[in-house]
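Breakdown of the fold
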Amino acid sequence: MKSLLIKNAVVINCDDRSLNKQDIYIEDGVIREVSFLINREADETVDAGGLLCGPGLVDMHVHMRDPGQTHKEDMHTLSAAAAAGGVTTVLAMPNTAPPVSSVGVLRDILDRAKGSCINILQAACVTENMRGERLSDLEALKIAGAAAFSDDGRPVENARLMLQAIKEAARLNVPVLSHAEDLNIVNGGIINEGEISRRLGVKGIDRASEDSSTAREMALAAACGGSIHICHVSTRGSVSIIRDAKRRGVKITCETAPHYFTLTDEALLSCDADYRMNPPLRTQDDVNAVIRGIADGTIDAIATDHAPHTAQEKADFKTAPNGIIGLETLLPVSYTNLVRAGRIDIFRLFEMLAYNPADILRTRANRFAGGDRADIVLFDPHGEFKVDINRLHGKSVNTAFKNMSFYGAVKMTVCGGNIIYRA
Ligand code: NCD
Ligand code: ZN
(Lines give C-alpha, C1' and ligand atoms only; values in the text may rest on other atoms or scores of the structure.)
(Ligands and ions follow the chains in the order given, each with its own letter.)
Protein backbone atom coordinates (compact mmCIF):
# COMPACT_ATOMS: atom_id res chain seq x y z
CA MET A 1 0.00 0.00 0.00
CA LYS A 2 1.73 3.12 -1.23
CA SER A 3 0.02 6.45 -0.68
CA LEU A 4 0.39 9.99 -1.96
CA LEU A 5 -1.47 13.09 -0.77
CA ILE A 6 -1.54 16.14 -3.04
CA LYS A 7 -2.75 19.24 -1.24
CA ASN A 8 -4.09 22.52 -2.65
CA ALA A 9 -4.44 21.52 -6.30
CA VAL A 10 -6.92 23.44 -8.45
CA VAL A 11 -8.67 20.44 -9.98
CA ILE A 12 -10.01 20.84 -13.52
CA ASN A 13 -13.33 19.00 -13.44
CA CYS A 14 -14.62 18.62 -17.00
CA ASP A 15 -17.81 16.85 -15.89
CA ASP A 16 -19.33 19.82 -14.09
CA ARG A 17 -16.94 22.36 -15.64
CA SER A 18 -15.67 23.55 -12.30
CA LEU A 19 -12.31 24.60 -10.91
CA ASN A 20 -11.90 23.96 -7.19
CA LYS A 21 -8.93 23.96 -4.88
CA GLN A 22 -8.87 20.45 -3.46
CA ASP A 23 -6.75 17.74 -1.88
CA ILE A 24 -6.26 14.41 -3.64
CA TYR A 25 -5.53 11.18 -1.79
CA ILE A 26 -4.01 8.38 -3.85
CA GLU A 27 -3.44 4.80 -2.76
CA ASP A 28 -2.11 1.85 -4.74
CA GLY A 29 -2.03 3.93 -7.89
CA VAL A 30 -5.68 4.97 -7.83
CA ILE A 31 -7.62 8.02 -6.67
CA ARG A 32 -9.27 7.27 -3.31
CA GLU A 33 -10.61 10.67 -2.34
CA VAL A 34 -10.86 14.19 -3.75
CA SER A 35 -12.20 16.80 -1.34
CA PHE A 36 -11.64 20.21 0.16
CA LEU A 37 -9.62 19.16 3.15
CA ILE A 38 -8.04 15.75 3.60
CA ASN A 39 -6.13 15.17 6.81
CA ARG A 40 -4.59 11.78 6.36
CA GLU A 41 -1.18 10.33 6.80
CA ALA A 42 0.43 9.39 3.50
CA ASP A 43 3.81 8.02 2.52
CA GLU A 44 4.37 11.28 0.70
CA THR A 45 2.57 14.62 0.87
CA VAL A 46 3.01 17.28 -1.81
CA ASP A 47 1.72 20.83 -1.60
CA ALA A 48 0.60 21.87 -5.08
CA GLY A 49 0.29 25.47 -3.90
CA GLY A 50 -2.63 26.32 -6.20
CA LEU A 51 -1.22 24.85 -9.42
CA LEU A 52 -3.79 23.74 -11.99
CA CYS A 53 -4.35 20.01 -11.90
CA GLY A 54 -5.70 18.01 -14.82
CA PRO A 55 -5.82 14.39 -15.93
CA GLY A 56 -2.53 13.11 -17.32
CA LEU A 57 -2.50 13.85 -21.04
CA VAL A 58 -3.31 11.17 -23.59
CA ASP A 59 -1.21 11.66 -26.72
CA MET A 60 -2.69 9.43 -29.38
CA HIS A 61 0.06 9.96 -31.97
CA VAL A 62 3.75 9.43 -31.19
CA HIS A 63 6.60 7.80 -33.06
CA MET A 64 8.56 5.94 -30.38
CA ARG A 65 11.15 4.59 -32.92
CA ASP A 66 11.48 1.45 -30.85
CA PRO A 67 12.36 -1.11 -32.17
CA GLY A 68 14.85 -0.35 -34.89
CA GLN A 69 15.47 3.38 -34.87
CA THR A 70 16.58 3.84 -31.30
CA HIS A 71 19.26 6.31 -32.34
CA LYS A 72 16.32 8.78 -32.71
CA GLU A 73 14.35 7.80 -29.58
CA ASP A 74 13.61 4.70 -27.52
CA MET A 75 10.93 3.60 -25.13
CA HIS A 76 12.85 4.94 -22.15
CA THR A 77 13.65 8.40 -23.55
CA LEU A 78 10.18 8.77 -25.02
CA SER A 79 8.70 8.03 -21.59
CA ALA A 80 10.99 10.63 -20.00
CA ALA A 81 9.94 13.27 -22.55
CA ALA A 82 6.28 12.35 -22.06
CA ALA A 83 6.59 12.60 -18.27
CA ALA A 84 8.20 16.04 -18.58
CA GLY A 85 5.29 17.09 -20.80
CA GLY A 86 2.54 15.87 -18.45
CA VAL A 87 1.70 13.02 -20.84
CA THR A 88 0.85 9.77 -19.05
CA THR A 89 -0.53 7.72 -21.96
CA VAL A 90 0.80 7.51 -25.51
CA LEU A 91 -0.24 5.60 -28.58
CA ALA A 92 2.90 4.56 -30.47
CA MET A 93 2.69 4.37 -34.26
CA PRO A 94 3.75 1.14 -35.94
CA ASN A 95 6.16 2.56 -38.56
CA THR A 96 9.11 1.10 -36.70
CA ALA A 97 11.84 -1.23 -38.04
CA PRO A 98 10.45 -3.79 -38.45
CA PRO A 99 6.93 -2.37 -38.62
CA VAL A 100 4.41 -3.64 -36.06
CA SER A 101 2.45 -5.95 -38.28
CA SER A 102 3.16 -9.27 -36.60
CA VAL A 103 2.12 -10.57 -33.21
CA GLY A 104 5.78 -11.22 -32.32
CA VAL A 105 6.90 -7.61 -32.81
CA LEU A 106 3.80 -6.32 -31.00
CA ARG A 107 4.28 -8.65 -28.01
CA ASP A 108 7.92 -7.66 -27.64
CA ILE A 109 6.99 -3.96 -27.44
CA LEU A 110 4.08 -4.49 -25.04
CA ASP A 111 6.20 -6.73 -22.79
CA ARG A 112 8.92 -4.11 -22.54
CA ALA A 113 6.33 -1.35 -22.10
CA LYS A 114 5.19 -2.90 -18.82
CA GLY A 115 8.39 -1.58 -17.25
CA SER A 116 7.81 1.99 -18.44
CA CYS A 117 6.82 4.87 -16.14
CA ILE A 118 3.95 5.84 -18.48
CA ASN A 119 1.13 3.91 -20.16
CA ILE A 120 2.26 2.85 -23.62
CA LEU A 121 -0.38 1.73 -26.09
CA GLN A 122 0.79 0.34 -29.40
CA ALA A 123 -0.87 0.59 -32.81
CA ALA A 124 -0.38 -2.14 -35.39
CA CYS A 125 -0.19 -1.85 -39.17
CA VAL A 126 -3.32 -1.96 -41.32
CA THR A 127 -1.37 -3.68 -44.10
CA GLU A 128 1.42 -6.26 -43.87
CA ASN A 129 4.66 -4.39 -43.22
CA MET A 130 2.93 -1.19 -44.35
CA ARG A 131 3.37 -2.31 -47.94
CA GLY A 132 -0.25 -1.62 -48.86
CA GLU A 133 -0.64 -5.01 -50.53
CA ARG A 134 -2.49 -7.23 -48.05
CA LEU A 135 -4.23 -6.62 -44.74
CA SER A 136 -2.34 -7.61 -41.59
CA ASP A 137 -4.01 -10.26 -39.43
CA LEU A 138 -6.07 -7.62 -37.60
CA GLU A 139 -7.87 -10.09 -35.35
CA ALA A 140 -4.64 -11.71 -34.12
CA LEU A 141 -3.11 -8.27 -33.54
CA LYS A 142 -6.17 -7.15 -31.59
CA ILE A 143 -6.01 -10.28 -29.42
CA ALA A 144 -2.30 -9.63 -28.82
CA GLY A 145 -3.13 -6.12 -27.57
CA ALA A 146 -3.08 -3.70 -30.52
CA ALA A 147 -4.85 -0.49 -29.45
CA ALA A 148 -5.40 0.83 -33.00
CA PHE A 149 -4.65 0.08 -36.65
CA SER A 150 -2.73 2.49 -38.86
CA ASP A 151 -0.12 2.64 -41.60
CA ASP A 152 0.78 6.13 -40.38
CA GLY A 153 3.75 7.56 -42.22
CA ARG A 154 2.05 6.29 -45.38
CA PRO A 155 -1.54 6.33 -46.60
CA VAL A 156 -3.36 3.06 -47.34
CA GLU A 157 -3.53 3.80 -51.05
CA ASN A 158 -5.75 0.90 -52.01
CA ALA A 159 -9.34 1.95 -51.16
CA ARG A 160 -10.61 -1.65 -51.26
CA LEU A 161 -8.12 -2.62 -48.54
CA MET A 162 -9.01 0.42 -46.44
CA LEU A 163 -12.73 -0.36 -46.75
CA GLN A 164 -12.06 -3.93 -45.64
CA ALA A 165 -9.94 -2.67 -42.73
CA ILE A 166 -12.67 -0.28 -41.56
CA LYS A 167 -15.25 -3.11 -41.59
CA GLU A 168 -12.98 -5.59 -39.83
CA ALA A 169 -11.86 -3.02 -37.23
CA ALA A 170 -15.52 -2.15 -36.50
CA ARG A 171 -16.18 -5.83 -35.79
CA LEU A 172 -13.12 -5.94 -33.51
CA ASN A 173 -13.95 -2.56 -31.88
CA VAL A 174 -10.51 -1.11 -32.63
CA PRO A 175 -10.05 2.39 -34.13
CA VAL A 176 -8.51 2.85 -37.59
CA LEU A 177 -6.28 5.90 -37.88
CA SER A 178 -5.76 7.36 -41.32
CA HIS A 179 -2.67 9.19 -42.51
CA ALA A 180 -4.66 11.03 -45.19
CA GLU A 181 -2.32 11.85 -48.02
CA ASP A 182 -2.31 11.28 -51.79
CA LEU A 183 1.23 10.34 -52.79
CA ASN A 184 0.56 11.00 -56.47
CA ILE A 185 -0.25 14.59 -55.63
CA VAL A 186 2.74 14.92 -53.25
CA ASN A 187 5.00 13.70 -56.06
CA GLY A 188 8.23 14.70 -54.34
CA GLY A 189 6.97 17.95 -52.80
CA ILE A 190 8.52 18.87 -49.44
CA ILE A 191 6.57 21.87 -48.10
CA ASN A 192 3.13 23.40 -48.58
CA GLU A 193 2.56 24.57 -52.15
CA GLY A 194 2.05 28.31 -52.33
CA GLU A 195 3.81 31.61 -52.16
CA ILE A 196 6.53 30.31 -49.83
CA SER A 197 7.37 27.23 -51.90
CA ARG A 198 7.55 29.45 -54.99
CA ARG A 199 9.78 31.99 -53.22
CA LEU A 200 12.11 29.24 -52.07
CA GLY A 201 11.99 27.50 -55.42
CA VAL A 202 11.21 24.13 -53.84
CA LYS A 203 8.57 21.65 -54.91
CA GLY A 204 5.29 22.14 -53.06
CA ILE A 205 2.55 19.80 -51.81
CA ASP A 206 -0.94 20.85 -52.88
CA ARG A 207 -3.50 20.81 -50.05
CA ALA A 208 -5.59 18.61 -52.34
CA SER A 209 -3.30 15.77 -51.26
CA GLU A 210 -4.79 15.88 -47.76
CA ASP A 211 -8.29 17.04 -48.69
CA SER A 212 -8.98 14.41 -51.34
CA SER A 213 -7.70 11.65 -49.13
CA THR A 214 -9.81 12.87 -46.17
CA ALA A 215 -12.85 12.93 -48.46
CA ARG A 216 -12.13 9.35 -49.57
CA GLU A 217 -11.96 8.16 -45.95
CA MET A 218 -15.35 9.83 -45.25
CA ALA A 219 -16.87 8.04 -48.20
CA LEU A 220 -15.46 4.68 -47.11
CA ALA A 221 -16.67 5.03 -43.51
CA ALA A 222 -20.09 6.22 -44.68
CA ALA A 223 -20.39 3.36 -47.15
CA CYS A 224 -19.97 0.63 -44.53
CA GLY A 225 -21.17 2.40 -41.39
CA GLY A 226 -17.79 1.90 -39.73
CA SER A 227 -15.71 4.59 -38.10
CA ILE A 228 -12.48 6.30 -39.08
CA HIS A 229 -10.08 8.66 -37.33
CA ILE A 230 -8.13 11.21 -39.38
CA CYS A 231 -4.62 11.97 -38.13
CA HIS A 232 -2.87 15.36 -38.12
CA VAL A 233 -5.52 17.57 -39.80
CA SER A 234 -3.79 20.63 -41.25
CA THR A 235 -5.95 22.19 -44.00
CA ARG A 236 -9.06 24.34 -44.18
CA GLY A 237 -10.51 21.86 -46.69
CA SER A 238 -9.97 18.87 -44.46
CA VAL A 239 -11.61 20.63 -41.47
CA SER A 240 -14.68 21.49 -43.52
CA ILE A 241 -14.98 18.02 -45.05
CA ILE A 242 -14.91 16.52 -41.55
CA ARG A 243 -17.41 19.09 -40.24
CA ASP A 244 -19.85 18.22 -43.03
CA ALA A 245 -19.37 14.48 -42.57
CA LYS A 246 -20.09 14.77 -38.83
CA ARG A 247 -23.30 16.66 -39.63
CA ARG A 248 -24.31 13.85 -41.94
CA GLY A 249 -23.74 11.33 -39.15
CA VAL A 250 -20.58 9.70 -40.51
CA LYS A 251 -18.65 8.10 -37.64
CA ILE A 252 -15.55 10.17 -37.89
CA THR A 253 -13.10 11.62 -35.40
CA CYS A 254 -9.91 13.56 -35.97
CA GLU A 255 -6.87 15.09 -34.37
CA THR A 256 -4.65 18.04 -35.12
CA ALA A 257 -1.23 18.90 -33.68
CA PRO A 258 -0.04 22.09 -31.92
CA HIS A 259 2.09 23.22 -34.87
CA TYR A 260 -0.96 23.32 -37.14
CA PHE A 261 -2.68 25.95 -35.00
CA THR A 262 0.51 27.84 -34.15
CA LEU A 263 2.92 28.07 -37.10
CA THR A 264 2.66 28.80 -40.81
CA ASP A 265 4.87 27.94 -43.78
CA GLU A 266 6.57 31.32 -43.37
CA ALA A 267 8.77 29.57 -40.79
CA LEU A 268 10.27 27.68 -43.72
CA LEU A 269 11.89 30.83 -45.08
CA SER A 270 14.68 29.98 -42.59
CA CYS A 271 15.38 26.83 -44.65
CA ASP A 272 15.62 24.92 -41.36
CA ALA A 273 14.40 21.33 -41.64
CA ASP A 274 13.09 21.50 -38.08
CA TYR A 275 10.05 23.20 -39.62
CA ARG A 276 9.49 20.36 -42.05
CA MET A 277 6.94 17.70 -41.16
CA ASN A 278 4.17 15.79 -42.89
CA PRO A 279 1.61 17.18 -43.47
CA PRO A 280 3.55 20.42 -43.90
CA LEU A 281 2.96 23.75 -42.17
CA ARG A 282 0.26 25.57 -44.13
CA THR A 283 -0.91 29.20 -44.28
CA GLN A 284 -2.61 31.55 -41.82
CA ASP A 285 -5.92 30.77 -43.52
CA ASP A 286 -5.49 27.08 -42.66
CA VAL A 287 -4.35 27.90 -39.11
CA ASN A 288 -7.53 29.96 -38.63
CA ALA A 289 -9.68 27.12 -39.97
CA VAL A 290 -8.00 24.59 -37.65
CA ILE A 291 -8.64 26.89 -34.69
CA ARG A 292 -12.30 27.26 -35.71
CA GLY A 293 -12.51 23.47 -35.96
CA ILE A 294 -11.07 23.18 -32.47
CA ALA A 295 -13.49 25.75 -31.09
CA ASP A 296 -16.64 24.30 -32.67
CA GLY A 297 -15.90 20.65 -31.85
CA THR A 298 -15.08 19.48 -35.37
CA ILE A 299 -11.61 18.55 -34.14
CA ASP A 300 -11.74 15.99 -31.33
CA ALA A 301 -8.18 15.70 -30.14
CA ILE A 302 -4.79 17.34 -30.05
CA ALA A 303 -1.90 14.92 -30.49
CA THR A 304 1.78 15.69 -30.94
CA ASP A 305 2.80 13.53 -33.92
CA HIS A 306 6.08 13.41 -31.93
CA ALA A 307 8.51 12.39 -34.68
CA PRO A 308 12.11 12.45 -33.49
CA HIS A 309 15.01 12.61 -35.95
CA THR A 310 18.67 13.30 -35.16
CA ALA A 311 20.40 16.63 -35.86
CA GLN A 312 22.50 14.95 -38.55
CA GLU A 313 19.37 13.63 -40.26
CA LYS A 314 17.82 17.10 -40.07
CA ALA A 315 20.95 18.93 -41.30
CA ASP A 316 19.99 19.25 -44.96
CA PHE A 317 16.82 21.25 -45.57
CA LYS A 318 15.72 19.45 -48.73
CA THR A 319 16.62 15.83 -47.99
CA ALA A 320 15.88 15.67 -44.24
CA PRO A 321 13.13 13.28 -43.12
CA ASN A 322 9.78 14.82 -42.12
CA GLY A 323 8.77 15.26 -38.51
CA ILE A 324 9.20 17.23 -35.29
CA ILE A 325 9.18 16.29 -31.62
CA GLY A 326 6.33 17.58 -29.49
CA LEU A 327 5.77 15.87 -26.14
CA GLU A 328 7.28 18.57 -23.93
CA THR A 329 5.61 21.46 -25.74
CA LEU A 330 2.11 19.95 -26.08
CA LEU A 331 0.55 21.51 -22.99
CA PRO A 332 2.31 24.91 -22.96
CA VAL A 333 1.71 25.56 -26.69
CA SER A 334 -1.91 24.42 -26.54
CA TYR A 335 -2.65 26.26 -23.30
CA THR A 336 -1.06 29.49 -24.53
CA ASN A 337 -2.44 29.58 -28.06
CA LEU A 338 -5.90 28.22 -27.34
CA VAL A 339 -6.89 29.02 -23.75
CA ARG A 340 -4.86 32.14 -23.02
CA ALA A 341 -5.64 33.39 -26.52
CA GLY A 342 -9.34 33.13 -25.64
CA ARG A 343 -10.29 30.55 -28.30
CA ILE A 344 -11.51 27.83 -25.91
CA ASP A 345 -11.81 27.30 -22.18
CA ILE A 346 -9.65 25.08 -20.00
CA PHE A 347 -12.31 22.32 -19.93
CA ARG A 348 -12.45 22.03 -23.70
CA LEU A 349 -8.63 21.91 -23.72
CA PHE A 350 -8.56 18.88 -21.43
CA GLU A 351 -11.31 17.20 -23.41
CA MET A 352 -9.01 17.41 -26.44
CA LEU A 353 -5.83 16.52 -24.56
CA ALA A 354 -7.16 13.64 -22.48
CA TYR A 355 -10.83 12.58 -22.51
CA ASN A 356 -11.56 12.52 -26.24
CA PRO A 357 -8.37 10.68 -27.26
CA ALA A 358 -9.00 8.22 -24.41
CA ASP A 359 -12.54 7.63 -25.75
CA ILE A 360 -11.27 7.17 -29.30
CA LEU A 361 -8.78 4.58 -28.00
CA ARG A 362 -11.48 2.83 -25.93
CA THR A 363 -9.69 3.59 -22.68
CA ARG A 364 -10.44 5.89 -19.73
CA ALA A 365 -8.60 9.01 -18.64
CA ASN A 366 -8.62 10.05 -14.98
CA ARG A 367 -11.83 11.93 -14.10
CA PHE A 368 -10.79 12.35 -10.46
CA ALA A 369 -13.47 9.86 -9.42
CA GLY A 370 -12.81 7.20 -6.80
CA GLY A 371 -11.05 4.24 -8.37
CA ASP A 372 -9.69 6.15 -11.36
CA ARG A 373 -6.03 5.62 -12.22
CA ALA A 374 -4.00 8.37 -10.59
CA ASP A 375 -2.63 9.89 -13.80
CA ILE A 376 -2.23 13.60 -13.16
CA VAL A 377 -0.52 16.70 -14.49
CA LEU A 378 0.14 19.76 -12.33
CA PHE A 379 1.02 22.93 -14.23
CA ASP A 380 1.43 26.63 -13.69
CA PRO A 381 -0.81 28.71 -16.00
CA HIS A 382 1.33 31.78 -15.31
CA GLY A 383 4.67 30.01 -15.35
CA GLU A 384 6.76 30.50 -18.46
CA PHE A 385 8.20 27.60 -20.36
CA LYS A 386 11.06 28.51 -22.66
CA VAL A 387 11.84 25.84 -25.21
CA ASP A 388 15.55 25.25 -24.63
CA ILE A 389 16.84 22.31 -26.68
CA ASN A 390 19.53 21.68 -24.04
CA ARG A 391 16.89 21.00 -21.42
CA LEU A 392 14.61 18.56 -23.20
CA HIS A 393 14.34 14.94 -22.12
CA GLY A 394 14.13 12.94 -25.35
CA LYS A 395 16.99 11.82 -27.61
CA SER A 396 16.27 14.24 -30.45
CA VAL A 397 15.85 18.00 -30.42
CA ASN A 398 14.02 18.64 -33.70
CA THR A 399 11.42 21.00 -32.30
CA ALA A 400 9.73 23.71 -34.36
CA PHE A 401 9.21 25.72 -31.16
CA LYS A 402 12.88 26.17 -30.21
CA ASN A 403 13.64 29.36 -28.30
CA MET A 404 9.96 30.26 -28.12
CA SER A 405 8.26 30.94 -24.77
CA PHE A 406 4.86 29.73 -23.65
CA TYR A 407 2.74 29.80 -20.51
CA GLY A 408 1.57 26.67 -18.77
CA ALA A 409 4.83 25.13 -17.54
CA VAL A 410 4.47 21.53 -16.35
CA LYS A 411 5.53 21.24 -12.71
CA MET A 412 4.72 17.67 -11.80
CA THR A 413 3.44 14.50 -13.43
CA VAL A 414 1.97 11.53 -11.61
CA CYS A 415 1.31 8.23 -13.37
CA GLY A 416 -0.33 5.30 -11.64
CA GLY A 417 0.25 7.07 -8.32
CA ASN A 418 4.02 7.49 -8.89
CA ILE A 419 5.58 10.91 -9.24
CA ILE A 420 7.34 10.49 -12.58
CA TYR A 421 8.38 14.10 -13.15
CA ARG A 422 9.09 17.10 -10.96
CA ALA A 423 10.32 20.38 -12.47
C1 NCD B 1 6.35 10.82 -39.31
C2 NCD B 1 7.59 10.05 -38.92
O3 NCD B 1 8.68 10.66 -38.87
O4 NCD B 1 7.51 8.85 -38.63
N5 NCD B 1 6.72 12.10 -39.79
C6 NCD B 1 5.95 13.21 -39.83
O7 NCD B 1 6.39 14.22 -40.35
N8 NCD B 1 4.75 13.22 -39.31
C9 NCD B 1 5.63 9.99 -40.29
C10 NCD B 1 4.47 10.64 -40.93
O11 NCD B 1 3.38 10.62 -40.37
O12 NCD B 1 4.62 11.12 -42.05
ZN1 ZN C 1 1.20 10.59 -40.37
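Residues numbered from 1 in each chain as written. Chains lettered and ligands numbered in written order. Predicted model: local features only at pLDDT ≥ 70, side-chain atom pairs only at ≥ 80, totals over all residues. Heavy atoms only, no water.

Examining unusual backbone geometry
Note that the residue after Asp66, namely Pro67, is joined by a cis bond; omega there is 15 degrees. Tracing the backbone through its elements, the reader meets Pro67 in the loop between strand E6 (57-62) and helix H1 (75-84). Between Asn278 and Pro279 the backbone carries a cis peptide bond, its omega angle lying at -5 degrees. Locating Pro279 in the fold gives a position in the loop between strand E14 (251-256) and helix H9 (284-295). One non-glycine residue with positive phi stands out, namely Asn173, at about 55 degrees. Among the secondary structure elements, Asn173 is positioned in the loop between helix H4 (159-172) and strand E10 (176-178). Accessibility expressed as a relative area gives 44% for Asn173, which makes it partly exposed. Phi at Asn187 takes a positive value of approximately 45 degrees, unusual for a residue other than glycine. (Helix = DSSP H or I, 4+ residues; strand = E, 2+ residues; numbered from the N terminus. Buried < 20%, exposed > 50% of the residue type's maximum accessible area, 1.4 Å probe, protein only.)

So, the coordination of the zinc ion (ligand 2)
Bound to the zinc ion (ligand 2) on the protein side are Asp152 (OD), His179 (ND1) and His232 (NE2), at distances that span 1.9 to 2.3 Å. Each of the four donor atoms around the zinc ion (ligand 2) contributes to a set of angles spanning 92 to 130 degrees, which defines the coordination as tetrahedral. Donor residues for the zinc ion (ligand 2), ordered by position in the chain, follow D-x26-H-x52-H. You can see Asp152 sitting in the loop between strand E9 (148-150) and H4 and its partner His179 sitting in the loop between E10 and helix H5 (183-186), a full 27 residues away along the chain. With respect to class, Asp152 is no different from His179; both count as buried. (Donors = N, O, S within 2.8 Å, 3.2 Å for Na, K, Ca; no water. Tetrahedral: all angles 85-135°; square planar, octahedral: opposite > 155°, others 65-115°.)

Comments concerning helix H11 (residues 346-360)
The end-to-end C-alpha separation of H11 is 20 Å, in line with the 21 Å expected for 15 residues at 1.5 Å each. The sharpest bend along H11 reaches about 45 degrees and sits at Met352. Within H11, 13 of the 15 residues are buried, which leaves the element mostly enclosed by the surrounding structure. For H11, the N-terminal cap is Asp345; the gap from its side-chain oxygen to the backbone nitrogen of Phe347 is 3.1 Å. (Expected span 1.5 Å × (residues − 1). Bend = angle between axes of the 7 residues up to and from the residue. Polar contact = N/O pair within 3.5 Å; in protein donor to acceptor, adjacent residues only side chain to side chain.)

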